[in-house]
Structures are given as C-alpha cells and as structure tokens.
Amino acid sequence: MENEYLEIFLISMLPIAELRLSVPLGISCYELNWLYVYIVAVLGNFLICIPIVYFFSYFETILKKNKYTAIALRRIFSRTRSKSRVINRYKYYGIVLFVGIPLPFTGAWTGSLASHLFGFKKKKTLIAIFVGLLISATAITIISVFLEHLLNYIGYDLCEAG
C-alpha cells in the first residue's frame, strides 16, 4: 500500500489488533508523525464501532439461524460476558475503562459487543467507547514514542528488515 495512513486506518478497524497494533506500526515502522497516527488510528477504531453498535442485533438474528455460526456466537458472547464484568458493574464508565485499558480483548470491538449484551443505549455507548479510545491511544502513543527513542538511542531498529 502506498498510503501508510490508510493502512493505519484500516488496521485500526480490525478486531483484536485495533489501535494497539496500528499506532506502534505507524510510529516505529512507517516513521510517521505520532499526532497524525494517533488521530487516524482513533478515527479508524471508532468508525468501525458505529455499525457494530447500531446493526449488530440485525446480524445476530441472521447468524443465529445457522447452527455453526450460532455456536460461534454463543462462544463469543460467553467470552465477552466473562471479560466484561467491569462494564456490567460500572455501566458506561466501565466501557470507558474497558476500552481505555490497552490489553488484548479489551478494545472497542469487545466494548461494543458487551454494550449490546447488557442492553446499553447506543449513543452513550459510542461516547464511552470514544473516550476509552482516546485514553488507550494516548497510553499506546506515549509508550510507542518512548520505546522508539529508547531503541534508537541504543542503536536498535525495531522494524528493520532481515
């Protein structure tokens, strides 16, 4: 891909990877401006949440009709419920915390699914997800910039080929 910012945007939309992968990739490997990477990653990660939050119940109905996708959906829901106790307890503040902690399976995708499972209001959910993404992106950007400078100082190139 010629446009690295488009690549950052698209990677930010992927489940599990989200901006936890796209921010370090943009800063360290593509050597892009950290502020632009931050903005593009947050936008990409947030924009994918809008259709998830608003249209997931429609797709859920379709997916439950097939035996195999129904089984997969039950497993995903079970895992989401087990990982999102903080969301159920603290509601929208829980979503902010859950999305804001940059660990695997705690991102915007899982927060969107958890809000669906617990029946939260869509607009408030999106606001909470956005705030959580800002927190997560800030932490990841600070860590990425720090590690990039530290590794450059000791003479190590993280993304060097070969």
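Everything in this summary refers to the structure shown in the same document. Because the structure is predicted, anything quoted here is derived from the model rather than measured.

Rules behind the numbers
Numbers given for residues are sequential positions, taken from 1 along each chain in its written order. Under the rules for a predicted model, residues below a pLDDT of 70 receive no local features and side-chain atom pairs below 80 are neither given nor counted, while totals for whole chains, interfaces and linings still include all residues. Water and hydrogen atoms were dropped before computing side-chain values, which therefore reflect all heavy atoms in the structure. Only DSSP runs of H or I reaching four residues or more are called helices, and only runs of E reaching two or more are called strands; each is numbered from the N terminus. Only protein chains enter the accessibility calculation, which uses a 1.4 Å probe; a residue whose area is less than 20% of its type maximum is buried, one above 50% is exposed, and one in between is partly exposed. Residue contacts are defined here by distance: any two heavy atoms, one from each residue, within 4.5 Å place the two residues in contact. In this description, accessible areas are obtained by the Shrake-Rupley approach with a 1.4 Å probe, and a residue is regarded as covered only by the protein chains that are shown. His residues and chain termini do not enter the charge count, which takes Lys and Arg as positive and Asp and Glu as negative. Where a charge sits is defined by one atom per residue type, namely NZ (Lys), CZ (Arg), CG (Asp) or CD (Glu). A fitted line through C-alpha atoms represents every axis, and for helices the fit uses only the stretch in contact; the resulting angles, taken between N-to-C directions, go from 0 to 180 degrees. Put simply, angles under 35 degrees are roughly parallel, angles over 145 are roughly antiparallel, angles from 65 to 115 are roughly perpendicular, and the rest are oblique. When residue character is reported, Ala, Val, Leu, Ile, Met, Phe, Trp, Tyr, Cys and Pro are called nonpolar, Asp, Glu, Lys and Arg charged, and the others, Gly included, polar. Here a cavity means grid points, on a 1 Å grid over the protein atoms only, where a 1.4 Å probe fits yet cannot get out; a pocket means an open set of points with protein on both sides within 12 Å along at least five of seven lines; lining residues are those with an atom within 4 Å of a point. Grid points are joined across faces, edges and corners, and a volume is the space filled by probe spheres set on the points. Between N or O atoms, a polar contact is any pair within 3.5 Å; within protein, one atom must be a potential hydrogen donor and the other a potential acceptor, and residues adjacent in sequence are included only when both atoms are from side chains. In this analysis, the expected span of each helix is defined as 1.5 Å times one less than the number of residues it contains. By definition, the arc is the one covered by directions from the helix axis to the C-beta atoms.

## Some thoughts on the overall build of the protein chain
Item 1. Helices and strands together make up the secondary structure of the protein chain, namely eight helices and zero strands.
Item 2. Secondary structure of the protein chain in N-to-C order comes out as α-α-α-α-α-α-α-α.
Item 3. Its C-alpha atoms give the protein chain principal-axis dimensions of about 55 × 30 × 25 Å.
Item 4. In the protein chain, which comprises 162 residues, the share counted as buried stands at 40%.
Item 5. Put simply, 70% of the contacts in the protein chain that link residues at least 6 apart link residues at least 24 apart.
Item 6. Only carbon and sulfur atoms are counted for the fraction: they give 67% of the accessible area of the protein chain, which is about 9,800 Å².
Item 7. Computed over 16 positive and 9 negative side-chain charges, the separation of the two mean positions in the protein chain equals 31 Å.

## Observations regarding helix H7 (residues 108-117)
Item 1. The buried fraction of H7 amounts to eight of the ten residues, a majority that puts the element mostly inside the structure.
Item 2. Next to the buried residues of H7 lie helix H2 (18-29), helix H3 (34-47), helix H4 (49-63), helix H5 (67-83), helix H6 (85-100) and helix H8 (122-153).
Item 3. Following H7 by one or two positions, Gly-119 adopts a phi angle in the positive range, close to 70°.

## Some words on unusual backbone geometry
Item 1. Phi at Glu-18 is positive, roughly 40°, even though this residue is not glycine.
Item 2. With respect to the helices and strands, the residue Glu-18 is situated in helix H2.
Item 3. Non-glycine residue Phe-105 carries a positive phi angle of around 65°.
Item 4. Considering the arrangement of structural elements, one finds Phe-105 in the loop between H6 and H7.
Item 5. Judged by relative accessible area, Phe-105 falls into the partly exposed class, the value being 33%.

## Overview of the packing of H3 against H4
Item 1. Packing of H3 against H4 leaves a shortest axis separation of 4 Å and a crossing angle of 10°. Between H3 and H4, the angle is such that the two are roughly parallel. Residues Asn-45, Phe-46 and Leu-47 of H3 pack against Cys-49, Ile-50 and Pro-51 of H4.
Item 2. Taken together, the residues that form the contact of H3 with H4 break down as five nonpolar, one polar and no charged.

## What to know about the layout of surface pockets
With a probe scaled to a water molecule rolled over the atoms, the places where space remains empty come into view.
Item 1. By volume, the largest pocket is sized at about 470 Å³.
Item 2. Considering the residues around the largest pocket, the lining is formed by 20 residues, among which Pro-15, Ile-76, Trp-109, Thr-110 and Leu-113 are closest to the centre.
Item 3. Split by residue class, the lining of the largest pocket holds 13 nonpolar, two polar and five charged.

## Concerning the side chain of Ser-28
Item 1. Position of Ser-28 among the secondary structure elements: in helix H2.
Item 2. In terms of polar contacts, Ser-28 uses its side chain to reach the side chain of Glu-148, at 3.0 Å.
Item 3. When near neighbours in sequence (up to four residues on either side) are disregarded, Ser-28 contacts Ser-144, Glu-148, Leu-158 and Cys-159.

## Some remarks on H5
Item 1. Given a rise of 1.5 Å per residue, 17 residues ought to cover 24 Å, and the 25 Å separating the end C-alpha atoms of H5 matches this to within 8%.
Item 2. Among all positions of H5, only Ala-70, Leu-73, Phe-77 and Thr-80 are buried. Buried residues in H5, looked at end-on, bunch into an arc of 90°, giving them a common side. Exposed side of H5, more than 90 degrees from the buried face: Lys-67, Tyr-68 and Arg-75 are the residues found there.
Item 3. Looking at the buried side of H5, the elements it contacts are H4 and H7.

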